[in-house]
Amino acid sequence: MDRQIESKCLELVENFHTLKKGNRMEYTEMLLACAELYMAAGREPDLDRLKECKKLLKSRAGLFSNFRGMDELLVRCKMALSADPERYFDDLEQEYRRLKTFFSGEQTVLAAMILAEQSGAETLTEKTKRIYKEMQSAHPWLTSENDLPFAALMAVSGTDADAVYAQAEEIYTILKKNLRADRDTLQMLSHVLAIRDGRAEAKCEKVCALAKGLKAARRSLGWGSRLAILGLLADSGLPTDALVERICETDAFLKQYKPFRGLFGVGGQCRRMFAVQMVHASLSREEGLGASAMMTASVELAIITMILMMIILTSTASSSSSASSGH
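All figures in this text were calculated on a predicted structure; none of them were measured in a lab. (Residues numbered from 1 in each chain as written. Predicted model: local features only at pLDDT ≥ 70, side-chain atom pairs only at ≥ 80, totals over all residues. Heavy atoms only, no water.)

Asker: Any chance you could explain the nonpolar core here in plain terms?
Answerer: A general trend in soluble globular proteins is that nonpolar side chains are found buried together. With 113 residues, the main nonpolar core has Ile 131, Met 154, Leu 175, Leu 179, Leu 230, Met 273 and Phe 274 as its most contacted residues. Of the residues forming this core, the biggest block, 11 residues, is contributed by helix α14 (residues 297-325). If sequence neighbours within four positions are ignored, Leu 175 has contacts with Leu 186, Leu 189, Ser 190, Leu 193, Cys 204 and Cys 208. (Core = buried A, V, L, I, M, F, W, Y, C linked by side-chain atoms within 4.5 Å. Buried < 20%, exposed > 50% of the residue type's maximum accessible area, 1.4 Å probe, protein only. Helix = DSSP H or I, 4+ residues; strand = E, 2+ residues; numbered from the N terminus. Contact = heavy atoms within 4.5 Å.)

Here it is in structure tokens:
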């Protein structure tokens, strides 16, 4: 197994266990997303600093604020990693107010996080809104607040708003014919691929080949939102077979460690999603991937966090439905 991938996996696991010590009631998936945030930053979680950020957040946002919702830990980690936590929250709150609508929730906070770290954020916010309106116009029944962070990613990609969304539509059409997945996942994946380098056809072909290769190797990501993580590898120069082999090896390695095994560990499909991310993280240094400058680790982390939040929301809704039907 590649040593760099192994090292990253161990760092992720270590960060997870550190974060869990101070956040035992948190979703495992969110702890993993935050563990990866620290890994990308090259820093270890500081629980004392996170406690201070929790106090600061409580003083600035009420109990029912969206900043205190599902992604509160992510907000606190972002604050803790910044040089000035209070200034970071000010910038985040400002972007959130610019994006906010009556239906705003955690996904709007995530979109605000993407924009708050960019220069010229006000212009990018308007660009985000314009792209989001195009999404709603093209797919009124599919588009929801879940797509707003992807609109923000498109806005900060440095590409003309109309051009990047036009490619997303082209990709959606290609994927619909060639990839077995639900429509929400196809839309999400089209958004991820639109901000990767390369031609639409080539990127779609790579993702479809990866999905089929993993299924043949009995390491499928399923056909739901987890599948969208394959978009990160769409512009890799490595052949599909080599990528599938690395993902399978990484999946087997992660399975040795909590939280990737056992009764309370994440499922196999979620584990493989992190395996894909670990392979991608190693390739980013190894071959550069030719990705645009904006596709930094923090932006890529936003993609995996969005997918995880959708998984958590879906599982929470499913649990609530089961509980209701049981009475």
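There's more to say after this.
Asker: I would appreciate a short explanation of the packing of aromatic side chains in the present structure.
Answerer: In this description, a pair of aromatic rings is defined by centroid distance and the angle of the planes. Scanning the model with the defined rule gives 4 aromatic pairs in all. The structure contains a cluster of three or more aromatic residues connected by ring pairs, namely Phe 67, Phe 89 and Tyr 96. (Phe/Tyr/Trp six-rings, centres within 6.5 Å; stacked < 30°, edge-to-face > 60°.)

Asker: Sorry, what's going on with helix α3 (residues 47-60) here?
Answerer: Two residues of an α-helix separated by three or four positions point the same way, owing to the 3.6 residues in each turn. Over its 14 residues, α3 extends 20 Å from the first C-alpha to the last, a length consistent with the 20 Å expected when each residue adds 1.5 Å. Where α3 is concerned, the buried positions are Leu 50, Cys 53, Leu 56 and Leu 57. The buried residues of α3 occupy an angular sector of 120° when the element is viewed end-on, so they sit on one face. Away from its buried face by more than 90 degrees, α3 exposes Asp 48, Lys 51, Lys 55 and Ser 59. Residues of α3 that are buried in the fold lie against α1 (3-22), α2 (28-41), α4 (72-81) and α5 (85-99). (Expected span 1.5 Å × (residues − 1). Arc of directions from axis to C-beta.)

Asker: What's the story with the pattern of salt bridges in this structure? I'm lost.
Answerer: Between side chains of opposite charge, pairing is possible as soon as their charged atoms come close. In total, this model carries 17 salt bridges according to the counting rule given. A salt bridge links Glu 117 to Lys 78; the nearest nitrogen and oxygen atoms lie 2.7 Å apart. Of this pair, Glu 117 sits in the loop between α6 (106-116) and α7 (121-138) while Lys 78 sits in helix α4; the two residues are 39 residues apart in sequence, bridging distant segments of the chain. A salt bridge links Glu 201 to Arg 199; the nearest nitrogen and oxygen atoms lie 3.4 Å apart. (Salt bridge = Lys/Arg side-chain N within 4 Å of Asp/Glu carboxyl O.)

Asker: What should I look at first to understand the packing of α6 against helix α8 (residues 148-155) in this one?
Answerer: Each packed pair of helices is defined by two parameters, the angle between the axes and the distance between the axes. Relative to each other, α6 and α8 sit at 15°, their axes nearing to 8 Å. Taken together, the axis directions place α6 and α8 in an arrangement best described as roughly parallel. The interaxial crossing formed by α6 with α8 has right-handed handedness. When α6 is examined against α8, the residues Gln 107, Thr 108, Leu 110, Ala 111, Ile 114 and Leu 115 are found in contact with a partner set consisting of Leu 148, Pro 149, Ala 152 and Leu 153. (Axes fitted to C-alpha atoms, helices over the stretch in contact; angles between N-to-C directions. Parallel < 35°, antiparallel > 145°, perpendicular 65-115°, else oblique. Left-handed = near helix turned anticlockwise from the far one by under 90°.)

Asker: In this structure, what is going on with the packing of α3 against α5? I would like to understand it.
Answerer: Direction vectors running N to C along α3 and α5 enclose 45°, while the axes themselves pass 11 Å from each other. Considering the angle they form, α3 stands oblique to α5. The chirality of how α3 crosses α5 is right-handed. Here Arg 49, Cys 53, Leu 56, Leu 57 and Arg 60 of α3 lie close against α5, whose contacting residues are Pro 85, Glu 86, Phe 89, Asp 90 and Glu 93. Here the contact of α3 with α5 is built from residues that sort into 5 nonpolar, no polar and 5 charged. (Nonpolar A, V, L, I, M, F, W, Y, C, P; charged D, E, K, R; others polar.)

Asker: How should α2 be read in this particular structure?
Answerer: Its 14 residues place the ends of α2 20 Å apart at the C-alpha level, agreeing with the 20 Å of an ideal helix rising 1.5 Å per residue. Of all the 14 residues making up α2, 12 are buried; the element is thus mostly covered by neighbouring parts of the structure. Inspection of α2 places Thr 28, Glu 29, Met 30, Leu 31, Leu 32, Ala 33, Cys 34, Ala 35, Glu 36, Leu 37, Tyr 38 and Met 39 among the buried residues, and these make up the whole buried set. Positive backbone phi, at 70°, marks Gly 42, one or two positions downstream of α2.

Asker: When you look at empty space enclosed by the protein in this model, what are you seeing that I'm missing?
Answerer: If a probe as big as a water molecule is rolled over the atoms, it shows which places are left empty. Tallied over the entire structure, the rule returns 2 cavities of 30 Å³ or more. Put simply, the second largest cavity is a space of about 30 Å³. Around the second largest cavity, the lining residues are Ala 211, Leu 214, Lys 215, Ser 220, Leu 221, Gly 222, Trp 223 and Leu 227. Residue composition of the lining of the second largest cavity, grouped by class: 5 nonpolar, 2 polar and 1 charged. (1 Å grid on protein atoms, 1.4 Å probe; cavity = no way out; pocket = protein on both sides within 12 Å on 5 of 7 lines; lining within 4 Å. Points joined across faces, edges and corners; volume = space filled by probe spheres on them.)

Asker: How should unusual backbone geometry be read in this particular structure?
Answerer: Residues other than glycine predominantly adopt negative phi, and peptide bonds predominantly adopt the trans conformation. A cis amide bond, omega 15°, links Lys 258 with the succeeding residue Pro 259. Mapped onto the secondary structure, Pro 259 falls in the loop between α12 (240-254) and α13 (268-286). Positive phi, close to 60°, is recorded for Arg 218, a residue that is not glycine. Summarising the element assignment, Arg 218 is placed in the loop between α11 (200-216) and α12.

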